[in-house]
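# Structural characterization, general
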Amino acid sequence: MTPEQKEHEKKSPRRKRDGIATYAKIALDIANRISNGEIPEGKRLSGRSLMSTEYGVSPETIRRSFSLLEEQQVVEVLQNSGVKVKSRSNALKYIAKHSNRYETKALLTRMRNLIEQHEELERELFDTVRQLIDSTERFASSNPFYTYECTVTNDSPIIGKSLGELSFWQMTKATVIAIRRDGSIFLSPGPGFSIQPFDILVLVGNQETKAVVEAFVQ
């Protein structure tokens, strides 16, 4: 076995990802070549070493391929004389017997691989979400202030009063940084800005101020 073949064997395991042994695939390929007349009956096939070069595998892999074909009387392994093609009809029988089985096995292996990939993606997604949550919680705990919104209902006691009259910051410890009204945004409203029904107050404060603001507004 040449160094190149050894390297190929390392990169190409005997059992591929489709779950079918390499020697079984080669046996099926040889049977197909016999059935379509590429290799006629009575022809002596190349020696194991030559065919191993053709298929890029070890002579032992080729020997196992010929053993499968010999069991079904597709070929005859001659002692020290190579391999002789014995029967095209048996090659057709070999193909009929094994091709569907190999195809089914390959599909089942493919399905198993897809399931494993799906499970791996789910695990990766779960880990990413968990990391995102952890990161968000760390940021929230390190930042004492955050923004939130509060909607003024039409029966709120603060309607018609200005932020100055309400002493909004003194009463809530939250700062009104903007007010959204009918699709418009009023940034940094001053103390004279009067509150109207359904105004949306955009505020900044610590965690405790949100409940205080809601109680004050409602």
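Provided above is the structure to which this section pertains.
First things first, this report covers the structure right here in the doc. Fair warning: this is a prediction, and the values are worked out from it, not measured in the lab. (Residues numbered from 1 in each chain as written. Predicted model: local features only at pLDDT ≥ 70, side-chain atom pairs only at ≥ 80, totals over all residues. Heavy atoms only, no water.)

## A look at the overall build of the protein
A tally of regular secondary structure across the protein gives eight helices and seven strands. Residues classed as buried in the protein amount to 31% of the 218 residues present. Long-range pairs, those at least 24 residues apart, make up 65% of the contacts in the protein between residues at least 6 apart in sequence. When the accessible surface of the protein is totalled, it reaches about 14,000 Å², and 54% of it is carbon and sulfur. (Helix = DSSP H or I, 4+ residues; strand = E, 2+ residues; numbered from the N terminus. Buried < 20%, exposed > 50% of the residue type's maximum accessible area, 1.4 Å probe, protein only. Contact = heavy atoms within 4.5 Å. Areas by Shrake-Rupley, 256 points an atom, 1.4 Å probe, with all protein chains shown as cover.)

## Brief notes about the nonpolar core
Ile30, Ile34, Leu45, Phe66, Leu69, Val74 and Tyr94 are the most contacted members of the largest nonpolar core, which has 20 residues in total. When contributions to this core are tallied by element, the ones reaching two or more residues are α2 (22-35), α4 (59-71), β3 (82-85) and α5 (88-142). Listed in part, the 16 residues of the second largest apolar core include Tyr148, Phe168, Phe193 and Ile195. (Core = buried A, V, L, I, M, F, W, Y, C linked by side-chain atoms within 4.5 Å.)

## Concerning the sheet that holds strand β6 (residues 184-187)
Note on sheets: strands pair through backbone hydrogen bonds, and any given pair is parallel or antiparallel. As summarised here, the arrangement of the four strands in space is β4-β7-β5-β6, forming an open sheet in which the pairing is antiparallel. The open sheet has two edge strands, β4 (146-151) and β6, and neither has a second partner. Geometrically, the sheet is characterised by an average inter-axis angle of 25° between neighbouring strands, direction not taken into account. For strand β5 (residues 175-181) and β6, the ladder comprises four bridges, and the chain directions are antiparallel. Following the sheet pairing, Arg181 is matched in β6 by Ser184. Relative to the sheet, helix α8 (residues 209-217) contacts β4 and β7 (200-205), its axis offset from that of β4 by approximately 20°. (Pairing = 2+ DSSP bridges. Axes fitted to C-alpha atoms, helices over the stretch in contact; angles between N-to-C directions.)

## With respect to the sheet that holds β3
Here we have three strands laid out as an open sheet, ordered β1-β3-β2, and antiparallel in their pairing. Where the open sheet ends on each side, the last strands, each with one partner, are β1 (44-45) and β2 (75-78). With two bridges joining them, β1 and β3 adopt antiparallel strand pairing. Bridging across to β3, Arg44 finds its partner in Lys84. α4 contacts β1, β2 and β3 of the sheet and is inclined by roughly 125° relative to β2.

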